[in-house]
Amino acid sequence: MTEPLAPAPSAARPSRRDGTPEGERRATPARRGGLLAAGVLAALAALDASACGGKVVIDGFEPRDGAGGFDETGGSTSSAPRDASSSGQGGEIGEGGAPPIPPLVEEDLGEVAIGVPIPVDIPPGTLGFTAIAQLMTSRPSFDPIGIAEISGPGGRTFATDYSIPGTMGTFYNQGIGAAAVPQTGAAAAVPFVPGTYWITVGDGGFGVPAGPARLSVWRRQTLDGRFHGGKIDINAFIAGRALSEEYMKSALRTAYQGFVGLSVGNITVHHLGPEWDVIDEELLPIVLEQTAGAAGRPALNVIAVSQLGGRLELAAGVTPAVPSVAVEHGTHLSGIVVALYEQPDADTVILRHELGHLAGLFHTTELEPGFADPLDDTARCDDVLALEARCPDYSNVMFPTGGDLSGKMTPQQTTIVQASAFYRGIVEDGGGAADPLPDDPGTPAGGARAPAPAGRDMAQAGRDLAGRGAAPGDRAWTVALPPRAATLLEGHFCGQSAAAGADFFALLRAAGVADADQLLAVGRDPAAPVQARARALAAAGRAATPSAPALAELQALAADPRLPRRARLGAIQGLASASPAAARALAARLAADPDAVVGRMATRAAR
């Protein structure tokens with residue numbers, strides 16, 4: 001088991017109160033970093049922290065306090081945040097009529113003792129459940145809490161010592177943690193076996209007084225225990241000008257319409273300020289807090305940023321835990337964070353890969369030999385770094401680098417995603433999806449945010465996408481590269497791999513590329529995919545003693561408005577790594593660049 005990320009003790013913590021990454025650091029005795037290795041769904045935001053006992057039904061059934069309401073189309077009557085725009089995509093919500101039973105049921109077990117197994121009866125008709133432990137605090141806590149063990153009928157063990165043996169996940173996190181059944185392919189989990197399950201909450205083994213903890217168990221059910229579809233509601237958060245609204249909506253529809261038999265429901269767009277352009281492992285939990293007050297439950301929160309930095313540098317997406325949260329907003333597990341390339345084939349895999357983590361899927365095989373997912377029907381690779389494209393699981397969407405971008409899934413992977421709680425379910429053939437819950441009446445989504453940036457029109461978006469990379473199958477740009485290097489440059493480097501200690505630049509050197517000129521050639525090649533160009537230029541600055549001509553070319557590429565933004569940002573990263581003085585000169589040159597994101601990133605890199 002790998003150690004979760006831990007932040008530097010001296011770093012400043014952004015404040016949720018002012019919605020910026022500059023606020024006061026929270027001091028806790030057992031601070032963990034922004035990406036602990038596992039977790040799952042959260043508790044119900046509408047409930048008072050002191051509530052305990054009883055059952056609460058979500059996914060189309062009114063909460064106990066009766067708050068909120070619905071209009072005739074199934075939309076919430078509560079008001080949306082000022083800078084949010086909603087787009088009902090996928091339509092036909094409620095076709096087939098209201099479900100005769102609730103698709104998603106919460107068993108609220110209230111305050112529980114640490115280390116004491118709690119019994120929960122799971123009835124027939126259940127597809128799966130998620131156990132969520134959460135510290136009962138007024139604001140998100142940074143103290144560790146999670147699910148230590150889950151055992152089920154016949155004494156079968158599903159999680160032990162905060163983990164599933166053989167995986168790299170740990171089921172605790174900052175203030176909230178969880179685990180799900182099924183997450184394995186064992187006969188006791190797939191198909192799901194009803195009966196009495198025992199769930200033990202713990203503090204991650206840190207021995208820190210965690211304070212009162214609440215346990216909730218969310219179970220997905222249908223009339224016959226089979227999957228019948230549902231709708232994914234999405235809250236899309238755009239940091240600064242990372243993406244246009246038009247492209248964000250298009251990317252989400254492309255990735256999730258039809259995914260594992262689900263359709264896209266409501267897409268609601270929110271805007272975060274430019275201070276959230278770059279997210280590292282320290283800021284990850286704080287930016288997830290900005291989802292507080294987002295629309296609907298259950299709903300998937302997707303935060304789009306311009307770059308991932310720190311230990312997440314060059315990753316294209318990160319999910320805080322496996323699985324994460326879709327039934328409460330504003331927790332440290334409430335969504336996924338992506339840095340999309342505006343290249344649809346790659347972005348679809350990034351979005352599906354990260355949603356797979358949120359729903360409970362691990363990498364088919366980890367970069368670190370000996371670790372893999374716990375499924376019976378996914379292939380294993382003996383050595384990902386040595387074999388890469390020759391790995392038998394290379395085509396799978398959960399391959400650690402995204403594989404060949406074909407996005408294949410196995411039946412057990414599909415079952416796990418369908419059993420999770422991020423969508424509004426349908427309980428019978430021909431039935432309708434349940435209506436969403438009212439919006440959380442608390443903090444407006446995103447807290448204090450800058451005004452919404454103007455989105456580009458669709459025609460401009462189309463022009464921007466033209467020439468942003470090779471058409472599928474065009475591999476001319478790879479001719480001079482070792483095959484392993486090409487797959488690294490164009491794949492999906494996942495934040496979960498970074499959390500396990502993978503360094504993209506070290507991986508690239510091990511794949512046989514350390515020459516700055518070779519990397520610059522990829523960066524300047526308009527036929528190469530955008531992600532390959534961006535990563536190559538970032539890596540060029542880390543090559544052994546880059547020459548003065550190489551530095552000059554990085555400066556020129558960073559300043560060239562004809563290049564895709566992500567390629568320019570890669571050149572800025574590379575230059576900052578190679579020469580701080582050159583980076584400062586570039587920042588002054590780009591201060592008035594027409595692309596404000598490029599200007600800000602140049603200034604940030606020069607610090």
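Every value quoted in this text rests on a predicted model; they were computed, and no experiment measured them.

Calculation rules
- Residues numbered from 1 in each chain as written.
- Predicted model: local features only at pLDDT ≥ 70, side-chain atom pairs only at ≥ 80, totals over all residues.
- Heavy atoms only, no water.
- Helix = DSSP H or I, 4+ residues; strand = E, 2+ residues; numbered from the N terminus.
- Buried < 20%, exposed > 50% of the residue type's maximum accessible area, 1.4 Å probe, protein only.
- Contact = heavy atoms within 4.5 Å.
- Areas by Shrake-Rupley, 256 points an atom, 1.4 Å probe, with all protein chains shown as cover.
- Phe/Tyr/Trp six-rings, centres within 6.5 Å; stacked < 30°, edge-to-face > 60°.
- Disulfide = S-S within 2.5 Å.
- Axes fitted to C-alpha atoms, helices over the stretch in contact; angles between N-to-C directions.
- Parallel < 35°, antiparallel > 145°, perpendicular 65-115°, else oblique.
- Left-handed = near helix turned anticlockwise from the far one by under 90°.
- Pairing = 2+ DSSP bridges.
- 1 Å grid on protein atoms, 1.4 Å probe; cavity = no way out; pocket = protein on both sides within 12 Å on 5 of 7 lines; lining within 4 Å.
- Points joined across faces, edges and corners; volume = space filled by probe spheres on them.
- Nonpolar A, V, L, I, M, F, W, Y, C, P; charged D, E, K, R; others polar.
- Core = buried A, V, L, I, M, F, W, Y, C linked by side-chain atoms within 4.5 Å.
- pLDDT = per-residue confidence, 0-100.
- Salt bridge = Lys/Arg side-chain N within 4 Å of Asp/Glu carboxyl O.

Draft legend 1. Structural context of the overall build of the protein chain. Per the secondary structure count, the protein chain includes 15 helices and 19 strands. For the protein chain, the residues scored as buried account for 63% of the 607 residues in total. Counted over contacts in the protein chain with a minimum sequence separation of 6, partners at least 24 positions apart contribute 78%. With the model as given, the accessible surface of the protein chain reaches about 20,500 Å², and the carbon-plus-sulfur share is 53%.

Draft legend 2. Local environment of the packing of aromatic side chains. Taken as a whole, this structure holds 12 aromatic pairs when the rule is applied. A centroid spacing of 6.0 Å and a plane angle of 90 degrees characterise the contact between F129 and F192, whose relative ring orientation is edge-to-face. Here the residue F129 occupies a position in strand β5 (residues 126–135), and F192 occupies one in the loop between β9 (176–181) and β10 (195–202), the gap between them amounting to 63 residues. The same class applies to F129 as to F192, namely buried. Between F422 and Y423 the ring centres are 5.5 Å apart and the planes differ by 70 degrees, which places this aromatic pair in the edge-to-face class.

Draft legend 3. Examining the state of the cysteines more closely. Applying the stated criterion across every chain, the model contains 1 disulfide. The disulfide bridge from C381 ends at C391, spanning 2.0 Å between sulfur atoms. Taking the sign of the torsion about the S-S bond as the criterion, the disulfide between C381 and C391, at about -55 degrees, is left-handed. Of the two residues, C381 sits in the loop between α3 (344–359) and α4 (384–387) while C391 sits in the loop between α4 and α5 (411–418), which places them 10 residues apart along the sequence. Given a relative accessible area of 7%, C381 falls into the buried group.

Draft legend 4. Region of the structure containing the packing of helix α10 (residues 516–524) against helix α11 (residues 530–540). Packing of α10 against α11 leaves a shortest axis separation of 8 Å and a crossing angle of 150 degrees. With respect to α11, the axis of α10 lies roughly antiparallel. Where α10 crosses over α11, the two elements pack in a sense that is left-handed. Of the residues in α11, those touching α10 at A516, L519, L520, V522, G523 and R524 are A532, R533, A536, L537, A539 and A540.

Draft legend 5. Expanded view of helix α7 (residues 483–490). Where burial is concerned, most of α7 is hidden: 6 out of the 8 residues are buried. Along α7, the residues classified as buried are A485, A486, T487, L488, L489 and E490.

Draft legend 6. Focus on the pairing of β5. Counting buried positions along β5 gives 10 out of 10 residues, so the element sits mostly inside the fold. Strand direction decides the pairing type here: β5 and strand β11 (residues 213–221), joined by 9 bridges, are antiparallel. Looking across to β11, one finds that G128 is bridged to R220. By the bridge criterion, 6 bridges tie β5 to β9 in an arrangement that is antiparallel.

Draft legend 7. Up close: the pairing of strand β15 (residues 300–304). With respect to burial, β15 is a largely interior element, 5 of its 5 residues being buried. Here β15 shows two buried faces, one formed by L300, V302 and A304 and the other by N301 and I303. Here strand β12 (residues 230–239) pairs with β15 via 5 bridges, running parallel. What sits directly across from F237, in β15, is I303. Looking at chain direction, β15 and strand β18 (residues 336–338) are connected through 3 bridges and run parallel. If you follow I303 over to β18, its bridge partner there is V337.

Draft legend 8. Focus on the environment of D108. Relative to the helices and strands, D108 is located in strand β3 (residues 104–112). Between the alpha carbons of D108 and W218 there is a distance of 8.5 Å; along the sequence they are 110 residues apart.

Draft legend 9. Layout of the side chain of T365. Among the structural elements, T365 can be located in the loop between α3 and α4. Once residues within four sequence positions are removed from consideration, T365 is found in contact with F371, A372, A379, R380, C381, V384, D393 and P400.

Draft legend 10. Here's a closer look at empty space enclosed by the protein. If you walk through the whole model with that rule in mind, you get 8 cavities of 30 Å³ or more. Here the second largest cavity defines a volume of roughly 70 Å³. Along the lines of polarity and charge, the residues of the lining of the second largest cavity split into 5 nonpolar, 1 polar and 4 charged.

Draft legend 11. Unusual backbone geometry, seen in detail. Omega for the bond connecting V181 with P182 falls within 30 degrees of zero, at 5 degrees, which places this linkage in the cis form. Within the secondary structure, P182 sits in the loop between β9 and β10. In this model, D161 sits at a positive phi of 50 degrees, which is unusual for a non-glycine residue. Overall, the relative accessible area of 52% leaves D161 in the exposed class.

Draft legend 12. Structural view of the nonpolar core. Core analysis: the biggest nonpolar cluster contains 76 residues, and V337 and L508 have the highest contact counts within it. Considering each element in turn, this core owes the most residues, 6 residues, to α11. Setting aside residues up to four positions removed in sequence, V337 forms contacts with L284, V287, L288, I303, V305, L308, G317 and V318. Of all hydrophobic cores here, the second largest spans 41 residues; its members include Y256, V264, A359 and F422.

Draft legend 13. Just the environment of I199, in detail. Mapped onto the elements of the fold, I199 is located in strand β10. I199 gets classed as buried once you look at its relative accessible area, which sits at 0%. Separated by 67 residues in the primary sequence, I199 and I132 have C-alpha atoms spaced 9.8 Å apart. Setting aside residues up to four positions removed in sequence, I199 forms contacts with V116, P117, I118, V120, F129, A131, I147, E149, I150, L215 and V217.

Draft legend 14. Examining the packing of helix α13 (residues 565–578) against helix α15 (residues 596–605) more closely. Two elements in contact, α13 and α15, have axes separated by 10 Å at closest approach and are oriented at 15 degrees. The angle between the axes of α13 and α15 places the two elements in the roughly parallel class. For the pair α13 and α15, the sense of crossing is right-handed. Contact with α13, carried on its side by R565, R568, L569, I572 and A576, involves V597, V598, M601, A602 and A605 of α15 and no other residues of that element.

Draft legend 15. Representation of the confidence of the model for the protein chain in the model. Considering every residue of the protein chain, the mean pLDDT works out to 80; 77% of them sit at 70 or more. Note that residues 23–34 has pLDDT below 50 and, in this model, 54 contacts with residues that lie over four places away or in other chains.

Draft legend 16. Representation of the pattern of salt bridges. Inspection of every chain in the model, using the stated rule, returns 8 salt bridges. The residue R542 makes a salt bridge to E313 at a minimum N-O spacing of 2.9 Å. Of this pair, R542 sits in the loop between α11 and α12 (548–558) while E313 sits in the loop between β16 (307–308) and β17 (317–318), and the two are 229 residues apart along the sequence. For E313, a relative accessible area of 18% translates into the label buried. The salt bridge involving D593 is made with R568; its shortest N-O contact spans 2.7 Å. Residue D593 is located in the loop between α14 (580–589) and α15, and its partner R568 is located in helix α13; the two are separated by 25 residues in the primary sequence. Note on D593: relative accessible area 14%, which makes it buried.

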